[in-house]
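Survey of secondary and tertiary structure
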Amino acid sequence: MRWTLLDSPIGIFSVATEGGSVCGAHFGLVESASETPADPIAARAVTELRAYFAGELTEFGTPVRAPRGSDFERAVWREMTRIPYGETLTYGQVARLVGDPGAARAVGVACNRNPIPVIVPCHRIIGAGGKLVGFGGGLDRKVKLLELEARVALQQAWS
């Protein structure tokens, strides 16, 4: 696994690639990360992330592969990728979508264990009643990501 870092509006963000896909992302610096993309997939991920943070990209095309996770976690992560840009779902709604209506807390655990945040958009999952609860990168980053997407979605809707 090779890590590439980029500076972003939410701070240093590191992306890992292996076997032709993104397999990890981390808020902050990973010690072995390089500023130069290690391979074409890393270069594509960095390009897409820069475009996303600039408000120019609303859907990632870089291939991703979670290196670990239970069947339930993988189902939650797949569901995350289906949440449209600029929209949110609650933990309870996601639990129902993955077939376990009583598993809202387990959805929260799966979000926390998401190995590829931002690209697999766990920030789009919120608490009941619209509350912003929990985020591995900190609530300040979650707010910035949701604000970015809301602003871009509004601009697109009114253009």
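Residues numbered from 1 in each chain as written. Predicted model: local features only at pLDDT ≥ 70, side-chain atom pairs only at ≥ 80, totals over all residues. Heavy atoms only, no water.

Quick look at the overall build of the protein chain now. The helix and strand tally for the protein chain stands at 5 helices and 5 strands. From first element to last, N terminus to C terminus, the protein chain shows the α and β order β-β-β-α-α-β-α-α-β-α. Since a compact globule built from 159 residues should have a radius of gyration of about 15 Å, the 15 Å found for the protein chain is in line with a globular shape. By principal-axis analysis of the C-alpha atoms, the protein chain measures approximately 45 × 40 × 25 Å. For the protein chain, the proportion of its 159 residues judged to be buried stands at 47%. (Helix = DSSP H or I, 4+ residues; strand = E, 2+ residues; numbered from the N terminus. Rg over C-alpha atoms; globule rule 2.2 N^0.38 Å. Buried < 20%, exposed > 50% of the residue type's maximum accessible area, 1.4 Å probe, protein only.)

This brings us to the sheet that holds strand S3 (residues 21-27). Strand order across the open sheet formed by 3 strands is S1-S2-S3, with antiparallel pairing between neighbours. What marks the edges here is a single partner per strand, and that holds for strand S1 (2-8) and S3. On average, each strand axis in the sheet is tilted by 25° relative to the strand beside it, whichever way the strands run. As paired strands, strand S2 (residues 11-18) and S3 are joined by 6 bridges and run antiparallel to one another. Its bridge partner lying in S3, Ala16 is registered against Gly24. Those strands touched by helix H1 (residues 40-53) are S1, S2 and S3, and its axis lies near 20° from that of S1. (Pairing = 2+ DSSP bridges. Axes fitted to C-alpha atoms, helices over the stretch in contact; angles between N-to-C directions. Contact = heavy atoms within 4.5 Å.)

Here helix H5 (residues 139-158) contains 20 residues, and its C-alpha end-to-end distance of 28 Å stays within 8% of the 28 Å for a straight helix at 1.5 Å per residue. Among the residues of H5, those classed as buried are Lys142, Leu145, Leu146, Leu148, Glu149 and Val152. Along the axis of H5, the buried positions cluster into a sector of 155°, meaning they face one direction only. For H5, the exposed residues set more than 90 degrees away from the buried face come down to Asp140, Glu147, Leu154 and Trp158. Residues of H5 that are buried sit in contact with H1, helix H3 (91-97) and strand S5 (125-126). (Expected span 1.5 Å × (residues − 1). Arc of directions from axis to C-beta.)

The subject of this paragraph is the pairing of S3. Most of S3 is tucked away, with 6 of its 7 residues classed as buried. Hairpin connection of S2 to S3: 2 residues between the antiparallel strands, including Gly19 at a positive phi of 60°.

Moving on, we come to the pattern of salt bridges. On inspection of all chains with the given rule, the structure shows 6 salt bridges. Two residues, Glu149 and Arg124, come together in a salt bridge whose shortest N-O distance is 2.9 Å. Of this pair, Glu149 sits in helix H5 while Arg124 sits in the loop between helix H4 (104-112) and S5, placing them 25 residues apart in sequence. No difference in accessibility class separates Glu149 from Arg124, as the two residues are buried. (Salt bridge = Lys/Arg side-chain N within 4 Å of Asp/Glu carboxyl O.)

This part is about the environment of Asn112. By the secondary structure assignment, Asn112 is in helix H4. The sequence separation of Asn112 and Phe135 amounts to 23 residues, and the corresponding C-alpha distance is 6.6 Å.

This part takes up the side chain of Ser14. Among the structural elements, Ser14 can be located in strand S2. The buried category is assigned to Ser14, whose relative accessible area is 0%. Residues contacting Ser14, with those up to four places away along its chain left out, are Trp3, Thr4, Leu5, Gly24, Ala25, His26, Gly28, Leu29, Val30 and Ala33.

With 40 residues, the main nonpolar core has Phe13, Leu49, Tyr52, Met80 and Val118 as its most contacted residues. Of all the secondary structure elements, the ones that give two or more residues to this core are S2, S3, H1, helix H2 (71-80), H3, H4 and H5. In this structure, Trp3, Leu5, Cys23 and Val30 belong to the second largest nonpolar core, which totals 6 residues. (Core = buried A, V, L, I, M, F, W, Y, C linked by side-chain atoms within 4.5 Å.)

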